[in-house]
Amino acid sequence: MPQEEYQSTLRRPERRHSKPDNGILFILRNILNIIFMIGAVAGVICYLYADKQTGIIIVMCAMVVKFAESAIRFLNR
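Keep in mind that what you see is a predicted model, and the values were worked out from it rather than measured.

S.K.: I'd like to hear about the pattern of salt bridges, residue by residue, with values.
M.R.: Evaluation of the coordinates by the stated rule reveals 3 salt bridges. For arginine 29, the salt bridge goes to glutamate 69, with nearest N and O atoms at 3.0 Å. Of this pair, arginine 29 sits in helix H2 (residues 24-49) while glutamate 69 sits in helix H3 (residues 52-76), and the two are 40 residues apart along the sequence. You can call arginine 29 buried: its relative accessible area is 15%. Put simply, lysine 66 and glutamate 69 hold a salt bridge, and the shortest N to O gap is 3.2 Å. Remark: glutamate 69 and lysine 66 occur in helix H3; sequence separation between them is 3 residues, near one turn of the helix. On the basis of relative accessible area, glutamate 69 is assigned to the buried category, the value being 1%. The structure contains a network of salt bridges with shared partners spanning Arg29, Lys66, Glu69 and Arg73.

What counts and what doesn't
Residues numbered from 1 in each chain as written. Predicted model: local features only at pLDDT ≥ 70, side-chain atom pairs only at ≥ 80, totals over all residues. Heavy atoms only, no water. Salt bridge = Lys/Arg side-chain N within 4 Å of Asp/Glu carboxyl O. Helix = DSSP H or I, 4+ residues; strand = E, 2+ residues; numbered from the N terminus. Buried < 20%, exposed > 50% of the residue type's maximum accessible area, 1.4 Å probe, protein only.

The following block contains the structure:
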């Protein structure tokens, strides 16, 4: 068996990436992720240091934003 064949079977296949995702949906997903992170942190702070019910509502609204971002990610594939 030639040396090249032996080495080619041991190498990991390269990952096949599609084109870079720099479109409008990528920007929208990033914005939604930022909104989610800010909302989650604000909700936890409100939950711990202020009204618990208001904190829960804020976190739940942030989760809705995250679900929307996830739906865009899955439906875009």
